[in-house]
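# Residue-level structure breakdown
Spelled out from the first residue to the last, the chains are:
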Amino acid sequence: MPKQYRDLAGVPVIARTIRAFDSHPAITALVVVRHPDDADLFAAARPRTRLPLIEAMGGATRDASVRAGLAALPEGIDTVLIHDAARPLVPRAVIDGVLAALVDHDGAAPALPVTDALWRGDATVTGTETRDGLWRAQTPQGFHLSAIRAAHAAHAAHRGQAADDVEVARAHGLRVAITQGAEANLKLTTAGDFDRALRLMEKDSDMDIRTGNGFDVHRFCEGDHVMLCGVAVPHDRGLLGHSDADVGLHTITDAIYGALCAGDIGTHFPPSDPQWKGAPSHIFLTHAVDLAASMGFTITHADLTLICERPKVGPHAGAMRARLADLLRIEAGRVSVKATTTERLGFAGREEGIAALATVTLVKP
Ligand code: MG
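Criteria and thresholds
- Residues numbered from 1 in each chain as written.
- Predicted model: local features only at pLDDT ≥ 70, side-chain atom pairs only at ≥ 80, totals over all residues.
- Heavy atoms only, no water.
- Helix = DSSP H or I, 4+ residues; strand = E, 2+ residues; numbered from the N terminus.
- Buried < 20%, exposed > 50% of the residue type's maximum accessible area, 1.4 Å probe, protein only.
- Contact = heavy atoms within 4.5 Å.
- Areas by Shrake-Rupley, 256 points an atom, 1.4 Å probe, with all protein chains shown as cover.
- Lys, Arg positive; Asp, Glu negative; His and termini not counted.
- Charge placed at Lys NZ, Arg CZ, Asp CG, Glu CD.
- Donors = N, O, S within 2.8 Å, 3.2 Å for Na, K, Ca; no water.
- Axes fitted to C-alpha atoms, helices over the stretch in contact; angles between N-to-C directions.
- Left-handed = near helix turned anticlockwise from the far one by under 90°.
- Domains from an automatic or database assignment.
- Buried area = accessible area lost by both parts, 1.4 Å probe.
- Salt bridge = Lys/Arg side-chain N within 4 Å of Asp/Glu carboxyl O.

## Side note on the overall build of the protein
- If you tally the helices and strands in the protein, you get 12 helices and 18 strands.
- Taken along its principal axes, the extent of the C-alpha atoms in the protein is 90 × 40 × 40 Å.
- By residue count, 44% of the 365 residues in the protein fall in the buried class.
- Taking all contacts inside the protein whose residues are at least 6 apart in sequence as the whole, residues at least 24 apart take part in 69%.
- Accessible surface for the protein amounts to roughly 18100 Å². Of this, 53% is attributable to carbon and sulfur atoms.
- The average position of the 37 basic charges and that of the 44 acidic charges among the side chains of the protein differ by 2 Å.

## Some remarks on helix H1 (residues 13–22)
- Among the 10 residues that make up H1, 9 are buried, leaving the element largely enclosed by the rest of the structure.
- Of all the positions in H1, only Val13, Ile14, Ala15, Arg16, Thr17, Ile18, Ala20, Phe21 and Asp22 are classed as buried.

## Notes on the side chain of Thr179
- Tracing the sequence through the fold places Thr179 in strand S11 (residues 176–180).
- Not counting chain neighbours up to four residues away, the residues in contact with Thr179 comprise Gly97, Val98, Ala101, Ala108, Ala109, Pro110 and Ala111.

## Quick word on the coordination of the magnesium ion
- Protein coordination of the magnesium ion is provided by Asp216 (OD), His218 (NE2) and His250 (ND1), with donor distances spanning 2.1 to 2.3 Å.
- Each donor residue of the magnesium ion lies on the same chain, and together they follow the pattern D-x1-H-x31-H. Residue His218 is found in strand S12 (residues 208–221), and its partner His250 is found in helix H8 (residues 247–260); the two are separated by 32 residues along the sequence. In this pair, the class of His218 matches that of His250, namely buried.

## Things to note about the packing of H8 against helix H11 (residues 317–328)
- Close contact between H8 and H11 brings their axes to 12 Å; oriented N to C, the two are set at 35 degrees. In this structure, H8 meets H11 at a crossing whose hand is right-handed. Packed against H8, whose contacting residues are Leu249, Ile252 and Ile256, the element H11 presents Leu324, Leu327 and Leu328 at the interface.

## Comments concerning the domain arrangement of the protein
- By domain assignment, the protein separates into domain 1 (3–201) and domain 2 (208–364).
- Across the interface of domain 1 and domain 2, roughly 650 Å² is buried in total on both sides, 52% from carbon and sulfur atoms.
- The three residues of domain 1 that bury the most area against domain 2 are Ser23, Arg48 and Arg50, which together make up 72% of that side's buried surface.
- Counting the contacts that link domain 1 with domain 2 gives 1 salt bridge.

## Comments concerning the environment of Leu200
- Topologically, Leu200 is positioned in helix H7 (residues 191–203).
- Each C-alpha atom, one on Leu200 and one on Met1, is 23 Å from the other, the two residues being 199 residues apart in sequence.
- Discounting chain neighbours no more than four positions away, the residues touching Leu200 are Glu183, Ala184 and Leu186.

Written out as structure tokens, the structure reads:
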């Protein structure tokens, strides 16, 4: 199996690589260039992403594959980062360094200085080379899109194979800044590299795991259905609220804000603001999910309990889980929707409204 589809600590290498960029707030689109024969491998490894993810077909050569990726980018992109799928542990600081250097350079790419002595030789050493001014090149290699497209077009017409995109850029006269690389940004090539990556991940396990809780209540009013987790459930009442009063989505949204220590739904969408009147509540949840991603968190689990005598939730729980999984961008197997009554006690028991409780788990690797 090609190394980018192999598992690294339970997650395909390419999924980790994609997530490293999907979770960076400055990135707006993702293009994966894959071998035309790898459709099934990629489909199995593909993570759910915040950003649109475009698949482009690789060419016969490395350069042709990069050109295909550049051609597949959506409209309105002016800066591109070209990255090896086999470097899944690229730290955010490395991406930040490349983006910062692009402000006043044609191109920028991370590298580390060569520290080992360099020999020339075969079975025996025949000479030594100075390592002064030598660098070990890494990716992502960043460029202004029009410039690197022109460089690749010229390269295709006049030259053979390039080792990387910096070579293509320089051949076209672009100035490429060297930015800070990282040992963690290693390229997985041999079995030993996978072992090294695992050791780096263990050493670097300052994993941030958080749980957030949410609670919300909406009162019944006149109506013929209630919105619960984005599903319209027929009922002889409606739910009263400034938005569509989806008590399930509000509760999950508040639980995510809670895990992020980022206030609550009213902080981000003030009820005094007329633009949210009647709004579909998935807007609120999508905002919280995007905020979590921009802070580097992955949502790994959500558990919701709806509290009411009626309507009966059970027949709709599957549709609610599916809709929540879509909105949270996680598998339905990580989403739980339960319901309970209060034995006819209290406001829920008197059928005055619906309450909801939620717990979500977020992980920053
Ligand atoms: Mg509410």
